[in-house]
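Okay, here's what each chain looks like letter by letter:
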Amino acid sequence: MGSNGSFARGDADTEEGRKYKCIAVLSDNIKVLVPKESNKGIKLPEESHSPNRIYVSIYGKGKKEGLLKSIAVYGEDGLKVYEIHTANHEELGLHCHYWHEGHPVMKGSKTDAKPLTAKMIEIYNKILKLL
């Protein structure tokens, strides 16, 4: 399996190398991240140093400020397994994108959006209650 991103390069090993900061801990394994540079959009990391981690992003300044934007779930190996998005995509509304070996699963030149499973809905609802 190949590697990519800041985790593989070691950029995230120090605070200076990290692109995100944690603004809230919702539970032992669920953290809310924002970009360190406030003018950057939030794209959750491809990898996590912590196995089975869940990262959450919220919208920044604007009419959706503070609302849930996305949830990324990571596997035992620290690689992203899937990401839930709250914005409408392909008329699905709430949906997910699967990841495999550190990369989004693609359908042609686009990421493949899928409806949420029961487990994903459970995670989504849990996070809504914690926010």
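Up top you'll find the structure we're talking about.
Cut-offs and rules
- Residues numbered from 1 in each chain as written.
- Predicted model: local features only at pLDDT ≥ 70, side-chain atom pairs only at ≥ 80, totals over all residues.
- Heavy atoms only, no water.
- Helix = DSSP H or I, 4+ residues; strand = E, 2+ residues; numbered from the N terminus.
- Buried < 20%, exposed > 50% of the residue type's maximum accessible area, 1.4 Å probe, protein only.
- Salt bridge = Lys/Arg side-chain N within 4 Å of Asp/Glu carboxyl O.
- Expected span 1.5 Å × (residues − 1).
- Arc of directions from axis to C-beta.
- Core = buried A, V, L, I, M, F, W, Y, C linked by side-chain atoms within 4.5 Å.
- Contact = heavy atoms within 4.5 Å.
- Pairing = 2+ DSSP bridges.
- Phe/Tyr/Trp six-rings, centres within 6.5 Å; stacked < 30°, edge-to-face > 60°.
- Lys NZ or Arg CZ within 6 Å of the ring centre and 35° of its normal.

### A word on unusual backbone geometry
- Non-glycine residue N52 carries a positive phi angle of around 60°.
- Within the secondary structure, N52 is located in the loop between β2 (30–35) and β3 (54–58).
- For N52, a relative accessible area of 36% translates into the label partly exposed.

### Looking at the pattern of salt bridges
- Within the structure shown, the criterion is met by four salt bridges.
- Across the pair K43 and E46 runs a salt bridge whose closest N-O atoms are separated by 2.6 Å.

### Quick look at helix α2 (residues 118–130)
- Across its 13 residues, α2 extends 19 Å between first and last C-alpha, which sits within 8% of the 18 Å expected from 1.5 Å per residue.
- For α2, the set of buried residues is M120, I123, Y124 and I127. Seen end-on, α2 carries its buried residues on one side only, within an arc spanning 100°. Across α2 from its buried face, at more than 90 degrees, point the exposed residues A118 and K129.

### Digging into the nonpolar core
- Of all hydrophobic cores here, the largest spans 17 residues; its most connected members are I54, V56, I71, I84, I123 and I127.
- For this core, the leading source of residues is α2, giving four residues.
- Contact partners of I71, with chain neighbours within four places excluded, come to L44, I54, Y55, V56, Y82, E83, I84, I123, Y124 and I127.

### Here we look at the pairing of strand β1 (residues 20–27)
- Pairing geometry for β1 and β2, over six bridges, is antiparallel. Considered in β2, the bridge of Y20 is made with P35.
- Taken together, β1 and the strand that follows it, β2, pair antiparallel across an intervening segment of two residues.

### Some details on the packing of aromatic side chains
- Tallied over the full model, the rule gives two aromatic pairs.
- Geometrically, the ring pair formed by Y55 and Y74 is edge-to-face, given 5.2 Å between the ring centres and 70° between the ring planes. Of the two residues, Y55 is situated in strand β3 and Y74 in strand β4 (residues 68–74); the sequence distance between them amounts to 19 residues.
- The buried category is assigned to Y74, whose relative accessible area is 2%.
- Seen from their ring centres, Y82 and Y98 are 6.3 Å apart, and the 65° between their planes marks the pair as edge-to-face. Placement of Y82 in strand β5 (residues 80–85) and of Y98 in strand β6 (residues 95–100) is noted, with a sequence separation of 16 residues between them.
- The class for Y82 is buried, based on a relative accessible area of 9%.
- Take Y98: its relative accessible area is 30%, and that puts it in the partly exposed class.
- We note K80 situated over the ring of W99; from NZ or CZ to the ring centre the distance is 4.1 Å.

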